[in-house]
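Residue-level structural notes
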2 protein chains.
Amino acid sequence: MHDNNNERLLLLTAAEADRRIGRVRQAMLDNHISELLISDNANVYYLTGRVFRGFVFISLDIDSPIYFVRRPASLTGSNVYAIRKVEEIPAFLSSLGLANPTRVALELDTTPYSAVSRVMAAFAMPELPTNGSPVMRAARSVKTQLECDEMRRSGAMQTLVYKNIPSLFREGMTDIELQIEIERELRLRGCLGQFRVSGPEMEIFMGNVLTGDNADAPSPYDFAMGGAGLNPSLPVGADGSLVRPGMPVMVDVNGNFTGHMTDMTRTYSYGPISDATALKAHALSIDICHAVAEAARPGVAAADLYNMAADMVKAARLEPYFMGHRQHAGFIGHGVGIEINEAPVIAPRSRDILAEGNAIALEPKFVIPGIGAVGIENTYLVTDDAAMECITLADEGITDLC
Amino acid sequence: MHDNNNERLLLLTAAEADRRIGRVRQAMLDNHISELLISDNANVYYLTGRVFRGFVFISLDIDSPIYFVRRPASLTGSNVYAIRKVEEIPAFLSSLGLANPTRVALELDTTPYSAVSRVMAAFAMPELPTNGSPVMRAARSVKTQLECDEMRRSGAMQTLVYKNIPSLFREGMTDIELQIEIERELRLRGCLGQFRVSGPEMEIFMGNVLTGDNADAPSPYDFAMGGAGLNPSLPVGADGSLVRPGMPVMVDVNGNFTGHMTDMTRTYSYGPISDATALKAHALSIDICHAVAEAARPGVAAADLYNMAADMVKAARLEPYFMGHRQHAGFIGHGVGIEINEAPVIAPRSRDILAEGNAIALEPKFVIPGIGAVGIENTYLVTDDAAMECITLADEGITDLC
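Scope of this entry: the structure provided in the associated data block. Model, not experiment: these values are computed from the prediction.

**What to know about the sheet that holds strand 10 (residues 248–255) of chain B**
Residues and elements named next belong to chain B. In spatial order, the strands read 9-10-11-19; together these 4 strands make up an open sheet with mixed pairing. The sheet is open, and its two edges are formed by strand 9 (207–211) and strand 19 (399–400), each paired on a single side. Against the sheet, helix 8 (residues 175–188) contacts strand 9 and strand 10, and its axis sits at roughly 145° relative to strand 9.

Have a look at this one:
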């Protein structure tokens, strides 16, 4: 690969690329969009199997996408054109017999305003741009078989690491010291480290290890759990708390081994937890996961799954601790794949309807004041006619670190 | 901090907050901007000493900023108002006697188009928004004494880790195996892990360890060096190459220990490097750093510093290898602080003029085909009347890993 100066742009097989482009084209039809210009790294990776700097142009008028590449310039292939700047694209399209598409949809939910303005000027767009982000979000919410297989591989590797966590613990460790050993173990098993999140608001490093009352520290981010973090520049996660006997340690760390990530949380403890509420809440978290996984079929409303979970929590009188205590998250699950915050969202006002091939992380968790966080998270694939397939398979009970 | 339910929003001292706000107000005057609404995490951190979800409103008509907080809702203080959504802000401003500011500047270079549109609708802005990003970029390019001290602390910790790198190496290691041990060492010394980059284009995990020809693999990102990476979803850095005798190992890893990061690169080798071009290029990299550090004073043009370096490279006939070989980076240095890509930029067409308090990472590096990457990078502070102050102090020569 490094020996010659050129390399094929498309790393997906033609069949896999066709499947993904086909999903995007269907979503374009559903959204009344005829041209789409993609530059977001996650979407470029979805469409080609690699990240490059440039644009993928998709039109319902032509069969194949056109790839405009800025960096690296060494990429080649069918329909691949080197450009230095976006302003060159309209002339290219004209030379290919495509009229200057003044209504091309752009990724408005992730592209900075200035970058959108530049593309609009280049294309001489006369009016407000059309938002192509929902098209890509819809297309990517249903995984292909290859994507499912990549996620299963990530889940299997993440499971191996979670099973090994007790061997990484030493008495007297702080949350961050344990997290650092887990990070190393993840990396040695092939974790890429990168925790891809859509949009600029959410920031996280390799995930969270939460113990004791730090789990109740509110965070500015829309993650399910908080934590004060080590520094107010990144206020989430471990804060240097000592792991104390009888306290839960919640581990929710990076499962990105393949470019398609899984999301798994398990609760550990240093010696048995005696708090009855914590034990009850943890058992309920497992029950919710199993019940929702059983009920989640194609055609089911995501909001109904949230309400099923909320009803179970209400019946157990654990509402004050559900999805946080001082601050509550407004969802119990989310789509996952190339990024950690994909569709569908399992939330009370979600309008998402489940489809076969959705990949969903369910994380019904609890924060018990004075004790810490308990509960589990699994990543599931929505199947045609049975319960969701769980692809994060570490033991679900509270595992003793000793 | 976790015992009560409220916490003071402003983590900077009043004097430090005033200094930073003063810098922003001066940049607003320079840019003919009278109102500014900030929500980017890095800018919010600059202005308050913490990241929260919400907005900081600065107007030249009033003395103090107004803080609108969405999450966490527990933050309190003078001029702090809880909101659930941005649409509540105009009414708040009216109730404070401030006319609805229809020409408020927004961070257009980093805020997604959809988010800008939402703010524009909330404020009933009649025309195109004004870009406030250059204001914040200008303000942050000159560090306060406290920021300089935070960077010196990051530099000192990063230096300790770099000095310890030979002890982490074992014969038979790959680049990524060595990198994982360096990552652990960084984290154990307090590195926050997060590598803050402005904008959505550049992605990196904890930095790069490059050995052998992998250094010549072009990357899509605007970093100085490339590398194929472990996976095409993150094509930069270590690719699993064996560290071989006589080959350089370039280490350029995360120096974010305080929220203000330093950037340092050192070259190591497993046994002595015999390639004369590599040795000459490494020595020249050191010479360039020293010469540029000596010449860089307030009032000097950044482009002149680039040209000084380019002339030295030309005189040594090392242009084919400078800042890459198959693909060349177009700069030799960049501002650094809360983010890795700040102003000023040391590039041929940069219009930046140096000022006291600039923090600049200089990285004149070389890629020798068949050998690998050599050279160094230091972070410097621009001082009033002397050479720049180097704050990354590991030995600059090629250090043997054995």
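Next, the rest of the story.
**Let's talk about the pairing of strand 17 (residues 378–381) of chain A**
Residue and element names in this part refer to chain A. Residues Asn 378 and Tyr 380 point to one face of strand 17 and Thr 379 and Leu 381 to the other, with burial holding for every one of them. Here strand 14 (residues 359–362) runs beside strand 17; their pairing, made up of 4 bridges, is antiparallel. Bridge assignment links Ala 359 to a residue of strand 17, and that residue is Leu 381. Both strand 17 and strand 18 (residues 389–390) contribute to a ladder of 2 bridges, which runs antiparallel. Paired with Tyr 380 across the two strands is Cys 390, which belongs to strand 18.

**Description of the nonpolar core**
In this structure, Val24(A), Ile182(A), Val24(B) and Ile182(B) are the most contacted members of the largest nonpolar core, which totals 138 residues. Among all residues touching Ile182(B), those that are not within four sequence positions of it are Val161(B), Ile165(B), Leu168(B), Val209(B), Val251(B) and Val253(B). With 40 residues, the next largest nonpolar core counts Phe57(A), Tyr113(A), Met120(A) and Phe68(B) among its residues.

**Side note on the sheet that holds strand 7 (residues 105–106) of chain A**
Residues and elements named next belong to chain A. Pairing within the open sheet is mixed, and its 6 strands lie in the order 6-4-3-2-7-8. Two strands in the sheet have a free side with no partner beyond their single neighbour: strand 6 (80–82) and strand 8 (130–131). Here strand 2 (residues 35–38) pairs with strand 7 via 2 bridges, running parallel. Following the sheet pairing, Leu 37 is matched in strand 7 by Leu 106.

**Digging into unusual backbone geometry**
Cis rather than trans, the peptide bond between Arg71(B) and Pro72(B) has omega equal to -10°. Structurally, the position occupied by Pro72(B) is in the loop between strand 4 (66–71) and strand 5 (75–76). Of note, the amide linkage connecting Ala343(B) to Pro344(B) takes the cis form, showing an omega dihedral of 0°. Relative to the helices and strands, Pro344(B) resides in strand 13 (residues 342–346). Unlike most non-glycine residues, Met323(A) shows phi in positive territory, near 55°. Of note, Met323(A) is situated in the loop between helix 10 (302–315) and strand 12 (333–335). In this structure, Ala124(B) takes a positive phi of about 50° despite not being glycine. Note on placement: Ala124(B) falls in the loop between helix 4 (113–122) and strand 8 (130–131).

**Some remarks on the relation of the copies chain B and chain A**
Rotating chain B by 180° about the axis while translating it 0.0 Å along that axis superimposes it on chain A, leaving an RMSD of 0.0 Å. The transformation relating the two chain copies, once decomposed into turn and shift, fits a two-fold axis. A shared interface surface links the copies, since 99% of the contact residues of chain B are contact residues in chain A too.

**Observations regarding the packing of helix 1 (residues 14–30) of chain A against helix 2 (residues 41–48) of chain A**
Pairs of packed helices are described in terms of their axes, by the angle between the two and the distance that separates them. All names here are of chain A. Here helix 1 crosses helix 2 at 125°, and the two axes come no closer than 7 Å. By the angle class used here, helix 1 and helix 2 are oblique. Within the contact between the two elements, helix 1 uses Arg 20, Ile 21, Arg 23 and Val 24 and helix 2 uses Tyr 45, Tyr 46 and Leu 47. Here the contact of helix 1 with helix 2 is composed, by residue class, of 5 nonpolar, no polar and 2 charged.

Thresholds applied
- Residues numbered from 1 in each chain as written.
- Chains lettered and ligands numbered in written order.
- Predicted model: local features only at pLDDT ≥ 70, side-chain atom pairs only at ≥ 80, totals over all residues.
- Heavy atoms only, no water.
- Pairing = 2+ DSSP bridges.
- Helix = DSSP H or I, 4+ residues; strand = E, 2+ residues; numbered from the N terminus.
- Contact = heavy atoms within 4.5 Å.
- Axes fitted to C-alpha atoms, helices over the stretch in contact; angles between N-to-C directions.
- Buried < 20%, exposed > 50% of the residue type's maximum accessible area, 1.4 Å probe, protein only.
- Core = buried A, V, L, I, M, F, W, Y, C linked by side-chain atoms within 4.5 Å.
- Least-squares fit on C-alpha atoms with pLDDT ≥ 70 in both.
- Parallel < 35°, antiparallel > 145°, perpendicular 65-115°, else oblique.
- Nonpolar A, V, L, I, M, F, W, Y, C, P; charged D, E, K, R; others polar.

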